[in-house]
Amino acid sequence: MGRQGGVDSRNLSANVRWRQTKPARLYRRWDVRVGGNRSWNFGGLNRPGENFVSLNWTLPNFMNMSGELFQQPRAFDDRLTRGGPVMGTPSSSGWSFDIESPDGRRNRWQLNVDHQRSENNGWNQEIGLEFGFQPSDRLEISLEPNWSRDANARQYITSEPTASSPTYNTRYVFGRV
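Right, let's walk through the structure included here. (Residues numbered from 1 in each chain as written. Predicted model: local features only at pLDDT ≥ 70, side-chain atom pairs only at ≥ 80, totals over all residues. Heavy atoms only, no water.)

## Observations regarding the overall build of the protein chain
Short version of the rule: A run of H or I in DSSP becomes a helix once it reaches four residues, and a run of E becomes a strand once it reaches two; helices and strands are each numbered from the N terminus. For a compact globule the rule gives 2.2 Å times the number of residues to the power 0.38, and the radius of gyration it is set against comes from C-alpha atoms. Burial classes follow relative accessibility: with a 1.4 Å probe on protein chains only, a residue under 20% of its type's maximum area counts as buried, one over 50% as exposed, and anything between as partly exposed. Throughout, a residue-residue contact means that at least one pair of heavy atoms, one from each residue, lies within 4.5 Å. Asp and Glu are treated as the negative residues and Lys and Arg as the positive ones, with His and the ends of the chain left uncounted. Working definition for charges: the position is that of NZ of Lys, CZ of Arg, CG of Asp or CD of Glu.
If you tally the helices and strands in the protein chain, you get 0 helices and 13 strands. Put simply, the protein chain runs from its N terminus to its C terminus through helices and strands in the order β-β-β-β-β-β-β-β-β-β-β-β-β. Against the compact-globule benchmark of 16 Å for 177 residues, the protein chain has a radius of gyration of 21 Å, which places it well outside the compact range. Within the protein chain, the proportion of its 177 residues that are buried is 26%. In the protein chain, of all internal contacts separated by at least 6 residues, the share reaching a separation of at least 24 is 42%. Each charge class in the protein chain was averaged separately, 23 positive and 18 negative side chains, and the resulting centres sit 4 Å apart.

The following block contains the structure:
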């Protein structure tokens with residue numbers, strides 16, 4: 001059975017990619033992408049989007065590596081207050097790096113490292129590993145440990161009744177978690 005996460009948004013994405021597919025001494029192939037995406041609800045509210053530049057390359061031994069830098073501009077979110085007023089979101093930026101064993105091997109591995117920081121001192125760090133073993137054609141065993149740590153400077157905690165009409169007679173309480 002399927003699940004629909006949301007039906008109230010319009011999205012626009014664009015990117016440019018430069019590819020080099022002729023092998024050389026230091027690589028088999030590489031590509032660079034620059035782009036971004038934006039999202040609006042049907043009322044015209046500017047939701048969080050992203051600008052990015054990414055680099056992907058395959059080494060002579062067929063190992064794959066990729067890196068990305070990204071920036072998310074300030075926007076608005078009509079879901080953070082759980083049905084209450086619209087709330088602004090801070091800008092943030094970050095990077096990611098991945099390296100993985102060559103495709104098609106019976107034993108494979110992958111390492112992912114990510115970091116992100118927002119203008120209101122929120123942050124996220126993540127390290128993920130993946131190990132896969134295929135002892136036979138019909139059996140595959142995988143292990144995917146992941147470490148994640150973050151601090152959200154604006155986490156919804158509760159709401160309280162108030163006489164202030166700009167926030168629908170409700171005071172929304174946020175805090176650092």
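From this point, the narrative continues.
## Some remarks on the side chain of Asn41
Threshold: For the purposes of these results, a polar contact is taken to be a pair of N or O atoms within 3.5 Å, where, inside protein, one atom must be able to donate a hydrogen and its partner to accept one; residues adjacent in sequence count only when each atom of the pair is a side-chain atom.
For Asn41, the location among the structural elements is in strand β2 (residues 29–41). For Asn41, a relative accessible area of 12% gives the class buried. For Asn41, the side chain forms a polar contact with the main-chain nitrogen of Gly43, separated by 2.9 Å. Setting aside anything within four residues of it in sequence, one finds Asn41 in contact with Asp8, Ser9, Arg10, Arg47 and Asp78.

## Considerations on a nonpolar patch on the surface
The line we're drawing: In this scheme, patches are assembled from residues that exceed 30% relative accessible area and form no salt bridge. Like charges are connected within 9 Å, while nonpolar side chains (Val, Leu, Ile, Met, Phe, Trp, Tyr) are connected within 5 Å. Here the open area of atoms and residues is found with the Shrake-Rupley method and a 1.4 Å probe, where only the protein chains shown may cover a residue. Put simply, a salt bridge is a Lys or Arg side-chain nitrogen that is within 4 Å of an Asp or Glu carboxyl oxygen.
There is a patch of nonpolar side chains on the surface, built from Trp109, Leu129, Phe131, Phe133, Leu139, Ile141 and Leu143 and spanning about 610 Å² of accessible area. Elements with a contribution of two residues or more to the nonpolar patch: β9 (123–136) and β10 (139–143). With respect to the helices and strands, the residue Trp109 is situated in strand β8 (residues 107–118).

## Observations regarding the side chain of Ser101
Mapped onto the elements of the fold, Ser101 is located in the loop between β7 (92–100) and β8. For Ser101, a relative accessible area of 6% corresponds to the buried category. Those residues in contact with Ser101 that lie beyond four places of it in its chain are Met63, Asn64, Asn107, Arg108 and Trp109.

## Focus on unusual backbone geometry
Even without being a glycine, Phe62 presents a positive backbone phi close to 75°. The topology assignment puts Phe62 in the loop between β3 (46–58) and β4 (64–72). Judged by its relative accessible area of 45%, Phe62 falls in the partly exposed class. Even without glycine at this site, Asn121 takes up a positive phi of about 70°. Tracing the sequence through the fold places Asn121 in the loop between β8 and β9.

## Quick notes on the packing of aromatic side chains
Where we set the bar: In this scheme Phe, Tyr and Trp rings, the latter by its six-membered ring, pair at centre separations within 6.5 Å, and the angle between planes marks the pair as stacked below 30 degrees, edge-to-face above 60, and tilted otherwise.
Applying the stated rule across the entire model yields 1 aromatic pair. Here Tyr27 and Trp30 contribute two aromatic rings whose centre-to-centre distance is 6.5 Å and whose plane-to-plane angle is 85°, an arrangement assigned as edge-to-face.

## A word on the environment of Thr81
Here Thr81 shows up in the loop between β5 (75–77) and β6 (87–89). A relative accessible area of 3% means that Thr81 is categorised as buried. Note: C-alpha distance between Thr81 and Gln116 (35 residues apart in sequence) is 23 Å. With sequence-adjacent residues up to four places away left out, Thr81 is seen in contact with Met87, Tyr156, Tyr172 and Phe174.

Purely geometric stuff here, so don't read any function into it on its own.
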